[in-house]
Amino acid sequence: TRVVILDADVRNPSIESLMGMNRRRGMTDVLNGRLALDRAIQKTSFHQLALIGAGSLPRNPSELIAAADRFKVFVHALKESFNYILIDAPPALDLTDATVLGHSVDGVIVVVRLEATPRQEVERTISILENVGANVLGTFLVGTRPVKRRYAGYYSYGQG
């Protein structure tokens, strides 16, 4: 199975640094026609996992991503080489980018930070995404903490 991670958060790109890689040209450069798709794909240290960084910061990121036809062609080209395309998008409530991206992909998973994202914001985000035609698959909770419990001389982790 071949997987590519696409950093579509052009205002605050982070995937390359999280993967321990140097930032270079990427998605925005491909969408602007300044870079061929195959030159934007970076190999990672993980077998069968590739990465496409956000690329150069455009003057108006929303307009670039809002060119939905170009983005759909871009994603379609990736589907020819990869089984799964994971897209890191900016927060849906803060910017329109995520909603524009949401209807161009097969499914959306809303990432929620424990004890930081109010329930009303999660519900509003899901509603906004569904209203633009996004297929919301569910939510993914981050920021959980393991709770240590002593059990018969062993420590076990679980919900407290």
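Look up: the structure comes first, before these words.
Residues numbered from 1 in each chain as written. Predicted model: local features only at pLDDT ≥ 70, side-chain atom pairs only at ≥ 80, totals over all residues. Heavy atoms only, no water.

A.B. asks: Quick one: what's the story with the overall build of the protein, residue by residue and with numbers?
C.D. replies: Of regular secondary structure, the protein possesses seven helices and eight strands. Summarising the internal contacts of the protein: among those between residues at least 6 apart in sequence, 67% fall at separations of at least 24. Of the accessible surface of the protein, which amounts to about 10,300 Å², a share of 50% is contributed by carbon and sulfur atoms. (Helix = DSSP H or I, 4+ residues; strand = E, 2+ residues; numbered from the N terminus. Contact = heavy atoms within 4.5 Å. Areas by Shrake-Rupley, 256 points an atom, 1.4 Å probe, with all protein chains shown as cover.)

A.B. asks: Give a detailed account of a nonpolar patch on the surface, specifying residues and quantitative values.
C.D. replies: A cluster of nonpolar side chains, namely Ile 109, Val 111, Leu 137 and Phe 140, defines an oily patch on the protein surface of about 430 Å² accessible area. Of all the elements in the fold, those that place two or more residues in the nonpolar patch are strand E5 (108-113) and strand E6 (136-142). In this fold, Ile 109 is placed in strand E5. (Patch = residues over 30% accessible without salt bridge, like charges linked within 9 Å, V, L, I, M, F, W, Y side chains within 5 Å. Salt bridge = Lys/Arg side-chain N within 4 Å of Asp/Glu carboxyl O.)

A.B. asks: Break down helix H7 (residues 119-131) for me, with residues and values.
C.D. replies: The terminal C-alpha atoms of H7, which comprises 13 residues, lie 18 Å apart, in line with the 18 Å expected from a rise of 1.5 Å per residue. Those residues of H7 lying buried are Val 122, Thr 125 and Leu 129. Projected down its long axis, H7 shows its buried positions confined to an angular sector of 65 degrees, all on one face. Exposed side chains of H7 directed beyond 90 degrees from the buried face belong to Arg 119, Gln 120 and Asn 131. (Expected span 1.5 Å × (residues − 1). Buried < 20%, exposed > 50% of the residue type's maximum accessible area, 1.4 Å probe, protein only. Arc of directions from axis to C-beta.)

A.B. asks: Describe the layout of surface pockets, with residues and values.
C.D. replies: Its volume calculated, the largest pocket comes out at about 1,500 Å³. Forming the boundary of the largest pocket are 40 residues, of which Ile 87, Asp 88, Ala 89, Ile 109 and Val 111 lie nearest the centre. If you list the elements that add at least two residues to the lining of the largest pocket, you get helix H5 (68-81), strand E4 (84-88), helix H6 (97-102), E5, H7 and E6. Considering every element that reaches the lining of the largest pocket, the biggest residue donor is E5, with six residues. Considered class by class, the residues forming the lining of the largest pocket number 26 nonpolar, seven polar and seven charged. (1 Å grid on protein atoms, 1.4 Å probe; cavity = no way out; pocket = protein on both sides within 12 Å on 5 of 7 lines; lining within 4 Å. Points joined across faces, edges and corners; volume = space filled by probe spheres on them. Nonpolar A, V, L, I, M, F, W, Y, C, P; charged D, E, K, R; others polar.)

A.B. asks: Please give an account of unusual backbone geometry that cites residues and values.
C.D. replies: Non-glycine residue Gln 48 carries a positive phi angle of around 70 degrees. In this structure, Gln 48 sits in the loop between strand E2 (42-43) and strand E3 (49-52). Take Gln 48: its relative accessible area is 31%, and that puts it in the partly exposed class. In this model, Glu 115 sits at a positive phi of 60 degrees, which is unusual for a non-glycine residue.

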